[in-house]
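# Residue-level structural notes
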Amino acid sequence: MATMTTVKKSIITAVCIALCVVLPMAFHAIPNAGSVYCPMHIPVLLCGLICGPQYGLLCGLAGPALSTLFTGMPPVAYLPPMMIEIAVYGTLCGLMMKVVHTKNLYADLYVSLIIAMLGGRIVGGLAKALIFAGGEYSMATWATGYFVTSLPGIIVHLVLIPSIVVALMRAMLIPERYPKVDS
Amino acid sequence: MSRLPTGTFIPGSSPVHRLDARVKLLSLIALLIAIVSVDTLIGYAVIAAITVFVIGLSGLTLKTAVGSAYRMYLFFILVLLMNTCFFSAEDPWFSFWLIHPSHGGMVQGLIVVFRVFMVLVLSNILTCTTQPMEMTNALESLMSPLRFVKIPTDQIAIIISVAIQFIPTLFEEADMIRKAQTARGATFDSPKLSEKAAAVMPLAIPIFLGAFKRADELSLAMEARGYTGVRIHTNRKKACLRFGDYAAMVSVLAVCILLTAFL
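Residues numbered from 1 in each chain as written. Chains lettered and ligands numbered in written order. Predicted model: local features only at pLDDT ≥ 70, side-chain atom pairs only at ≥ 80, totals over all residues. Heavy atoms only, no water.

## Comments concerning the overall build of chain A
Check the secondary structure of chain A and you find eight helices and zero strands. Taken from N to C terminus, the helices and strands of chain A fall in the order α-α-α-α-α-α-α-α. Per-residue burial over chain A gives 56% buried out of 183 residues. Expressed as a percentage of contacts within chain A between residues at least 6 apart in sequence, the contacts between residues at least 24 apart total 70%. (Helix = DSSP H or I, 4+ residues; strand = E, 2+ residues; numbered from the N terminus. Buried < 20%, exposed > 50% of the residue type's maximum accessible area, 1.4 Å probe, protein only. Contact = heavy atoms within 4.5 Å.)

Set out below in structure tokens:
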């Protein structure tokens, strides 16, 4: 039975940070995958769900920064708002997984994911409107950028991330959230 | 994907190799700020001259130093074309539908390409001339003030160091999985959105499973050797900054302040 020690959480976070660099490059095989599927969001959301809010926060901050350093993507100008947005994803995912206990794994995962994805987009939009693009950022731009363009990405994340969490649990690489009790 | 862009340490004894990792990291941050702040032709020329000088000092071949940036030439061409065609509608060479290619747009594109290129080359020099362990210690040292607000800086430094060392391994594994799935008939270039989305699953799930299996093995190995994540480890030697380190840091900071203030 897999257990989550501090060391294991740290190493999983390190792997998720590395995946923030590797995954966008792997997705280059699919045309326009970077902007449509937002592959960098996947490891951060997973890290938050599996390891907890503080690890999700670190992954969200360090992942894009390392990706910029190693691959130049995202460009330096887009890095700060992206870091804020992704860090909120990781933190909220972890927090919601601690708070939400419906006795159904999929329900927990979907509630946490949806709240985190909404929260991250709201905070990301606020950061752009108030700090990074003060006065030149409208509600329409926010809705288009965060919901319309990335709609395929949102759907892929909602399908893919719970599948990965379940696959990891079945492979006994992370502990079961609701272990079956033998009668 | 088979060629790793950066992240591999190349042993050497050049002045850049011998510099303290903390100095290299701080110099890189200062230079990145200067690259983003500078907006004159002389400023760009000075940045380019500094980069060439550092490449020369590092003893790296030009191919190694600029290799990762050079491999992104398609991205650079795309950025240049998009800026030229869409950046500004003022004084265009000609107009067609949404496309307004202009001199201003082309200049803006060249500036963006130059900045990204310089960032990539300088980051590459840092990773090629610094051992991962030195980088970890440097990160830990630079983040040490955060300990006063109870942030576990040593644990963060270890996580970032492990992440950097995982990048080449995961890169190769992801490439292998992509090729294996292509051989099994996965189509990544379908114009249909549904087929594109379906192509993501066979690529992403094995990458994550493989990565987490490696994480599981590494954490088991670390725990078996007594690592608990609690701060009880010591350093074999405490690195002290030497005259050369101070001289390099002061020179880089002075140049960066001058660049940011006047150019």
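## What about the domain arrangement of chain B?
For chain B, the assigned domains are domain 1 (13-131 + 239-263) and domain 2 (153-230). Look at where the C-alpha atoms of domain 1 of chain B and domain 2 of chain B centre, and you get two points 30 Å apart. (Domains from an automatic or database assignment.)

## Some points on the environment of His157 of chain A
Residue and element names in this part refer to chain A. Along the chain, the position of His157 falls in helix α8 (residues 151-170). A relative accessible area of 1% means that His157 is categorised as buried. With 40 residues separating them in the primary sequence, His157 and Met117 have C-alpha atoms 9.6 Å apart.

## Topic: the interface of chain B and chain A
Each side of the interface is counted separately: chain B has 50 residues, and chain A has 48 residues. For the chain B and chain A pair, buried surface summed over both sides reaches about 4,400 Å², with 85% attributable to carbon and sulfur atoms. When the buried area of chain B at its contact with chain A is split by residue, Ile159, Phe208 and Phe212 of chain B rank highest and sum to 16% of it. Run the count over chain B and chain A and you get one salt bridge. With a closest N to O distance of 2.8 Å, Lys8 of chain A and Asp216 of chain B form a salt bridge. For the pair chain B and chain A, the interface holds four residue pairs in polar contact (both at pLDDT 80 or more). Within the residue set of the side of chain B that touches chain A, elements represented by two or more residues are α2 (21-37), α6 (103-129), α8 (153-183) and α9 (193-224) of chain B. Ranked by residue count, the leading element in the side of chain B that touches chain A is α9 of chain B, at 20 residues. (Buried area = accessible area lost by both parts, 1.4 Å probe. Salt bridge = Lys/Arg side-chain N within 4 Å of Asp/Glu carboxyl O. Polar contact = N/O pair within 3.5 Å; in protein donor to acceptor, adjacent residues only side chain to side chain.)

## Considering helix α5 (residues 73-86) of chain B
Spacing of three or four residues puts side chains on the same side of an α-helix, whose turn is 3.6 residues. The terminal C-alpha atoms of α5 of chain B lie 20 Å apart, and with 14 residues this matches the ideal 20 Å at 1.5 Å per residue to within 8%. Those residues of α5 of chain B that fall on the buried side of the exposure criterion are Phe76, Val79, Asn83, Thr84 and Cys85 of chain B. (Expected span 1.5 Å × (residues − 1).)

## Structural notes on the layout of surface pockets
Empty space within the second largest pocket amounts to approximately 1,100 Å³. Considering the residues around the second largest pocket, the lining is formed by 34 residues, among which Leu61, Ala62 and Ala65 of chain A together with Leu139 and Ile160 of chain B are closest to the centre. For the lining of the second largest pocket, the elements supplying multiple residues, two or more each, are α4 (53-71) and α5 (79-99) of chain A together with α2, α6, α7 (132-142) and α8 of chain B. A per-element tally of the lining of the second largest pocket places α4 of chain A first, with ten residues. Along the lines of polarity and charge, the residues of the lining of the second largest pocket split into 30 nonpolar, three polar and one charged. (1 Å grid on protein atoms, 1.4 Å probe; cavity = no way out; pocket = protein on both sides within 12 Å on 5 of 7 lines; lining within 4 Å. Points joined across faces, edges and corners; volume = space filled by probe spheres on them. Nonpolar A, V, L, I, M, F, W, Y, C, P; charged D, E, K, R; others polar.)

## Some words on the side chain of Thr13 of chain A
Its location among the elements puts Thr13 of chain A in helix α1 (residues 6-26). There is a polar contact of 2.6 Å between the side chain of Thr13 of chain A and the backbone oxygen of Lys9 of chain A. Not counting chain neighbours up to four residues away, the residues in contact with Thr13 of chain A comprise Cys47, Cys51, Tyr55, Leu58 and Cys59 of chain A together with Ile159 of chain B.

## Looking at the pattern of salt bridges
Residue and element names in this part refer to chain B. Per the counting criterion, the structure on display carries eight salt bridges over all chains. Two residues, Asp20 and Arg22, come together in a salt bridge whose shortest N-O distance is 3.0 Å. As far as burial versus exposure is concerned, Asp20 and Arg22 are alike and both buried. Here Arg214 ties to Glu173 by a salt bridge, and the two come within 2.7 Å at their closest N and O atoms. Of this pair, Arg214 sits in helix α9 while Glu173 sits in helix α8, and the two are 41 residues apart along the sequence. A single salt-bridge network, built from bridges that share partners, covers Asp175, Arg178 and Lys179.

## Quick notes on the packing of α2 of chain B against helix α10 (residues 243-262) of chain B
Residue and element names in this part refer to chain B. Packing of α2 against α10 brings their axes to within 9 Å, and their N-to-C directions diverge by 10°. Between α2 and α10, the angle falls in the class roughly parallel. Contact with α2, carried on its side by Val23, Leu26, Ser27, Ala30, Leu31, Ala34 and Ser37, involves Asp245, Ala248, Met249, Val252, Leu253, Cys256, Leu259 and Thr260 of α10 and no other residues of that element. (Axes fitted to C-alpha atoms, helices over the stretch in contact; angles between N-to-C directions. Parallel < 35°, antiparallel > 145°, perpendicular 65-115°, else oblique.)

## Structural notes on α10 of chain B
Here α10 of chain B spans 28 Å end to end across 20 residues, near enough to the 28 Å set by a 1.5 Å rise per residue. Packing partners of the buried residues in α10 of chain B comprise α1 (15-18), α2 and α3 (41-58) of chain B.

## Some thoughts on the environment of His41 of chain A
Residue and element names in this part refer to chain A. Position of His41 relative to the elements: it lies in helix α3 (residues 41-51). Take His41: its relative accessible area is 6%, and that puts it in the buried class. Once the C-alpha coordinates of His41 and Met96 are considered, the two residues, 55 residues apart in sequence, prove to be 17 Å apart. Not counting residues within four places of it along the chain, the set of residues in contact with His41 comprises Glu85, Ile86, Tyr89 and His157.

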